Amino acid sequence: MQPGYREKIIMHAFYPKKQRFANPNVLKSVLFYACLFELAEKGILGTEGIRLWCRESETGDPVLDRIISLLIPLSGKKLSRLQLLVPRRAGEIYKKQMELMTENHYLLREEIVFISWKVGNRYRVRKYDLLKPGITKMERALVYGRVPDRETWLTALLAGEANLMDNIFPTREYRERAKKRYKELLGSEFHREDKTIFQLRKSLKKTLDTQKALRAITRT
């Protein structure tokens with residue numbers, strides 16, 4: 001089984017040689033939107049202007065099917081409703097995704113025990129080699145300036161919003177060039193061509209900005 005957008009983001013975030021630790025709340029929100037990207041690819045989810053639509057479907061994937069059940073009541077409503085849903089449901093989706101990736105042997109789960117009490121889980125990536133072809137494509141697009149294919153661009157969108165560029169690219173020079181190229185593509189017509197992905201990325205950015213503002217308030 002080849003990794004999809006969800007698996008790629010999680011594996012990049014948990015790779016042992018990571019340069020940056022992913023913020024858990026950010027990662028959970030990006031994972032939720034990675035599911036939306038996959039549903040958009042399947043033609044199950046889309047946007048019309050600032051409104052979202054989702055048709056009832058069964059994919060056979062427990063994570064995607066749960067997302068669909070959450071989205072059906074929002075179909076036809078403004079995308080701003082999605083930004084209210086994600087913070088409340090992202091943790092649930094994240095837990096289901098981690099369980100699924102453990103079952104499919106993408107991740108190895110180890111229990112963290114303190115004085116005979118289980119206090120959490122630690123995850124290690126088992127199949128990181130599966131990501132290497134995609135990393136090569138991202139290097140060509142973000143480091144060397146080629147036009148990315150759709151799959152590469154959607155992966156880059158999710159990785160960029162999750163602040164995972166440092167984990168993906170091996171050297172400081174590559175990371176700096178990748179981040180600069182990513183920002184250029186975000187401001188280009190290339191990014192605006194797919195209306196659904198463009199609107200979903202805007203919605204993701206607003207979700208993350210809201211989370212950041214709330215964290216700043218709680219620190220004061």
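Treat the numbers as computed from the prediction; the structure is a model and nothing was measured.

Student: Where do I start with the packing of aromatic side chains in this structure?
Tutor: The geometry of two aromatic rings is summed up by the distance between their centres and the angle between their planes. Using the criterion set out here, one finds 6 aromatic pairs in the structure. Consider the rings of Phe14 and Tyr123, whose centres lie 6.0 Å apart with planes at 75°: the pair is edge-to-face. Of this pair, Phe14 sits in helix 1 (residues 5-14) while Tyr123 sits in strand 4 (residues 117-125), and the two are 109 residues apart along the sequence. Each member of the pair, Phe14 as well as Tyr123, is classed as buried. Taken together, a centroid distance of 3.6 Å and an interplanar angle of 10° make the contact between Tyr15 and Tyr128 stacked. Highlighted residues: Tyr15 in the loop between helix 1 and helix 2 (24-41) and Tyr128 in the loop between strand 4 and helix 5 (132-143), separated in sequence by 113 residues. Residue classification places Tyr15 among the buried positions, given a relative accessible area of 18%. Taken together, the ring pairs in this structure connect Trp153, Tyr182 and Phe190 into an aromatic cluster. Looking at Lys127, its charged tip hangs above the ring of Tyr106, at a distance of 5.6 Å from the centre.

Student: I keep staring at the pairing of strand 1 (residues 45-48) and nothing clicks. Help me out?
Tutor: Residues in a regular strand point their side chains to alternate faces of the sheet. Note that strand 1 and strand 2 (residues 51-54) share 4 bridges and pair antiparallel. Across the sheet, the residue bridging to Glu48 is Arg51, located in strand 2. In this structure, the hairpin formed by strand 1 and strand 2 is closed by a connection of 2 residues, where Gly49 is found at a positive phi of approximately 65°.

Student: Where do I start with unusual backbone geometry in this structure?
Tutor: In terms of backbone geometry, most residues other than glycine have negative phi values and most peptide bonds are trans. Positive phi, close to 65°, is recorded for His105, a residue that is not glycine. Tracing the sequence through the fold places His105 in the loop between helix 4 (80-103) and strand 3 (107-114). For His105, a relative accessible area of 43% puts it in the partly exposed group. A positive phi angle, near 60°, is found at Asn163, a position not held by glycine.

Student: Help me understand helix 4, please; the structure alone is not making it clear to me.
Tutor: Owing to its 3.6 residues per turn, the α-helix brings residues three or four apart onto one side. Taking 1.5 Å per residue as the helical rise, helix 4 with its 24 residues ought to reach 34 Å, and the 34 Å between its terminal C-alpha atoms agrees with that figure. At Arg89, helix 4 is bent by approximately 50°, the largest bend along its length. The complete set of buried residues in helix 4 reads Leu82, Leu85, Val86, Ala90, Ile93, Tyr94, Gln97, Met98, Leu100, Met101 and Thr102. Taken from the residues just after helix 4, His105 is the one with a positive phi, measuring 65°.

Student: Quick question: what am I supposed to make of the pattern of salt bridges here?
Tutor: Pairing between side chains of opposite charge can happen when the charged atoms of each approach one another. Considering all chains together, one arrives at 18 salt bridges under this definition. Note that Arg66 is salt-bridged to Glu92, the shortest N-O span being 2.6 Å. With a gap of 26 residues between them, Arg66 in helix 3 (residues 62-71) and Glu92 in helix 4 connect regions that are remote in the sequence. A relative accessible area of 26% means that Arg66 is categorised as partly exposed. Of the residues examined, Glu92 reaches a relative accessible area of 24% and is grouped as partly exposed. Of the charged contacts, one joins Asp129 and Lys132 as a salt bridge, the two residues approaching to 3.2 Å between their closest N and O atoms.

Student: Teacher, can you tell me more about the packing of helix 2 against helix 4 here?
Tutor: The relative placement of two packed helices comes down to the angle between their axes together with the axis-to-axis distance. As a packed pair, helix 2 and helix 4 sit with axes 8 Å apart at the nearest point and diverge in direction by 90°. By the angle class used here, helix 2 and helix 4 are roughly perpendicular. Each of Leu27, Lys28, Ser29, Leu31, Phe32, Tyr33, Cys35 and Leu36 in helix 2 lies in contact with helix 4, whose residues at this interface are Leu82, Gln83, Leu85, Val86, Arg89, Ala90, Gly91, Ile93, Tyr94 and Gln97. Broken down by class, the residue content of the contact of helix 2 with helix 4 amounts to 12 nonpolar, 4 polar and 2 charged.

Student: It is not clear to me how a positive patch on the surface should be interpreted in this structure. Could you clarify?
Tutor: Taken together, Arg192, Lys195, Lys202 and Lys206 make up a surface patch of like positive charges. Counting residues per element, the positive patch draws most heavily on helix 10 (residues 195-219), which supplies 3 residues. Tracing the chain through its elements places Lys202 in helix 10.

Rules of the game
The numbering scheme is per chain: residues are counted from 1 as the chain's sequence reads. Given that this is a predicted model, residues contribute local features only at a pLDDT of at least 70 and side-chain atom pairs are listed and counted only at 80 or more, while totals for whole chains, interfaces and linings are drawn from all residues. With hydrogens and water excluded, all non-hydrogen atoms of the structure serve as input to the side-chain values. Geometry of aromatic contacts follows a simple scheme: Phe, Tyr and Trp rings, the Trp one being its six-membered ring, pair when their centres are within 6.5 Å, and the pair is stacked under 30 degrees between planes, edge-to-face over 60, tilted otherwise. Counting from the N terminus, the helices are DSSP H or I runs at least four residues long and the strands are E runs at least two residues long. We call a residue buried when its accessible area falls under 20% of the maximum for its residue type, exposed when it is over 50%, and partly exposed in between, using a 1.4 Å probe and counting protein chains only. Here, a charge over a ring is recorded when the distance from Lys NZ or Arg CZ to the ring centre is within 6 Å and its angle to the ring normal is within 35 degrees. We call two strands paired when DSSP finds no fewer than two bridges between them. The length a helix should cover is 1.5 Å for every residue beyond the first. One axis is fitted to the seven residues ending at the residue and one to the seven starting there. The bend at that residue is the angle between these axes. The term salt bridge refers to a side-chain nitrogen of Lys or Arg lying within 4 Å of a carboxyl oxygen of Asp or Glu. Structural elements are reduced to axes, namely lines fitted to C-alpha atoms, with helices fitted over the stretch in contact, and the angle between N-to-C directions of any two is expressed from 0 to 180 degrees. Angles below 35 degrees are treated as roughly parallel, those above 145 as roughly antiparallel, those between 65 and 115 as roughly perpendicular, and all remaining angles as oblique. Two residues form a contact once any of their heavy atoms are found within 4.5 Å. Residue type decides the class: Asp, Glu, Lys and Arg count as charged, Ala, Val, Leu, Ile, Met, Phe, Trp, Tyr, Cys and Pro as nonpolar, and the leftover types, Gly among them, as polar. Distance thresholds for patches are 9 Å for like charges and 5 Å for nonpolar side chains (Val, Leu, Ile, Met, Phe, Trp, Tyr), applied to residues having over 30% relative accessible area and no salt bridge. For the accessible areas, the method is Shrake-Rupley and the probe is 1.4 Å, while residue cover comes only from the protein chains on display. Here Asp and Glu are counted as negative and Lys and Arg as positive; His is not counted, and neither are the chain ends. Throughout, a charge is located at the NZ atom of Lys, the CZ atom of Arg, the CG atom of Asp or the CD atom of Glu.

The analysis is restricted to geometry; functional conclusions fall outside its scope.
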